[in-house]
Structures are given as structure tokens and as C-alpha cells.
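Descriptive analysis of the structure
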Amino acid sequence: MRMRIQDSNYLSPSQLKNQYINQNPAGVKAPGETEVSFQDILRTRTAQESFQRVQEAGSLKFSKHAASRLADRQITLSDSQMERLSDGTRKAGEKGIQESLVLMDQLAFIVNIPNKTVITAMDQAETNENIFTNIDGAVII
């Protein structure tokens, strides 16, 4: 019995040769392929994990917009920062504030107090104009 290479699941020597010769050499990008550094991947993953930890804490919620801003700006919040942000939100609620600016560690958050939801987050570079609208109170912690 003769084996017919064309009918089998095996590649012929010429098919193998073409497969490996036509591959892109290491370090050569295909058209349209973008280069992402390990540091960028690590920062994004760290921001995602921080956001998940924040959501699991249950005291504050982050809107999709705020979560996107945190990830885009590579802002990660430590557990102590989350506690301080929650405490600032609680204090704003005690004063009857509905929409609060919470300033903490060169970060600014706009928080809807009744819903305990962070609407947006900014770092110091983006707060240079120092103009915040649609708030009725501010907490500096």
C-alpha cells in the first residue's frame, strides 16, 4: 500500500520548507501590526486589577467612564487610597453634597454622592486648568 501525501494530514517537505521560509523573521512587524511594550501591558493589567479590587470592595462604584479613565491614565489606587476616597465620599454625604470633587494625592475624582459612584478621575496633569463644573461641594483629603 502506497501512502499518498496529498490525502494525509502531514505536510510534504516542500510544504514545510515554504511554511518556514515565508515566516517573518523575529523583530519584523507585519503591516498594520503595532508594538506594545511589556511595561504598557503591565500597567494596563495593574489598572484593571486595581479597578476590580475597587469594585469588589463594594463601598464605591466606578462608572464605565471612570474605569476607562483610570485605565487610560494608568492610575492605580492602593487600599489606603480607596479607604480615604470612601471616607471623603462619606463626609461629603454628611454635609448634603450631591456631586463632589474629591482631591487626594494629586488626583481628582468627581463623585455622585447619593449613588456612591465615581464619575470620572483625573491626575495632576489634567487638572492644570483648575476648572470643575457641575459640583456642589469639594473634599480635600
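These notes cover the structure that comes with them. These numbers come from a predicted model, not from an experiment.

Conventions and cut-offs
Here, residues in each chain are numbered from 1, in the same order as that chain's written sequence. In view of the model being predicted, local features appear only for residues whose pLDDT reaches at least 70, and side-chain atom pairs are presented and counted only at 80 or more, with totals across whole chains, interfaces and linings using the full set of residues. Calculated side-chain values reflect all of the structure's heavy atoms, with hydrogen atoms and water omitted. Accessibility here uses a 1.4 Å probe with only protein chains present; expressed as a share of the type maximum, an area under 20% marks a residue as buried, one over 50% as exposed, and anything in between as partly exposed. Segments assigned H or I by DSSP are reported as helices when at least four residues long, segments assigned E as strands when at least two residues long, and all are numbered from the N terminus. A pair of strands is treated as paired once DSSP finds two or more bridges between them. Note that the arc is defined by the directions from the helix axis to the C-beta atoms. We define a salt bridge as a side-chain nitrogen of Lys or Arg found within 4 Å of a carboxyl oxygen belonging to Asp or Glu. Put simply, a nonpolar core is a bunch of buried Ala, Val, Leu, Ile, Met, Phe, Trp, Tyr and Cys residues held in one set by side-chain atoms that sit within 4.5 Å of each other.

1. Things to note about the pairing of strand S4 (residues 117-123)
- S4 sits mainly inside the fold: five of its seven residues count as buried.
- Alignment of strand S1 (residues 61-62) against S4, held across two bridges, turns out to be parallel. By the bridge assignment, Lys61 is partnered in S4 with Thr117.
- The pairing of strand S3 (residues 107-112) with S4 spans six bridges and is antiparallel. In the sheet register, Ala108 faces S4, and the bridge partner there is Met122.
- If you look at the hairpin formed by S3 and S4, you'll find four residues sitting between the two strands, and Lys116 has a positive phi there, around 50°.

2. Observations concerning unusual backbone geometry
- With a phi angle near 50°, Asp105 is a residue other than glycine that sits in the positive phi range.
- Inspection of the secondary structure assignment puts Asp105 in the loop between strand S2 (99-104) and S3.
- The backbone of Asn134 shows a phi angle near 60°, a positive value even though the residue is not glycine.
- Following the sequence through the fold, Asn134 ends up in the loop between S4 and strand S5 (137-140).

3. What to know about helix H3 (residues 64-72)
- For H3, every residue scored as buried is listed here: Ala66, Ala67 and Leu70. In an axial view of H3, the angular spread of the buried residues amounts to 100°, which keeps them on one side of the axis. Residues Lys64 and Asp72 are exposed on H3 and point more than 90 degrees away from its buried face.
- With its phi angle positive at about 55°, Gln74 sits one or two positions after the end of H3.

4. Some points on the pattern of salt bridges
- This model, assessed by the stated rule, comprises four salt bridges.
- A salt bridge links Glu94 to Arg90; the nearest nitrogen and oxygen atoms lie 2.6 Å apart. Highlighted residues: Glu94 and Arg90, both in helix H4 (residues 79-94), separated by four residues, approximately one helical turn.
- Given the relative accessible area of 56%, Glu94 is considered exposed.
- In this structure, a network of salt bridges that share partners links the residues Asp87, Arg90, Lys91 and Glu94.

5. Some remarks on the nonpolar core
- In this structure, Phe62, Leu77, Leu85, Phe109 and Val118 are the most contacted members of the largest nonpolar core, which totals 19 residues.
- Of all the elements in the fold, those that place two or more residues in this core are H3, H4, S2, S3 and S4.

6. Side note on the side chain of Thr117
- Note on placement: Thr117 falls in strand S4.
- The buried category is assigned to Thr117, whose relative accessible area is 14%.

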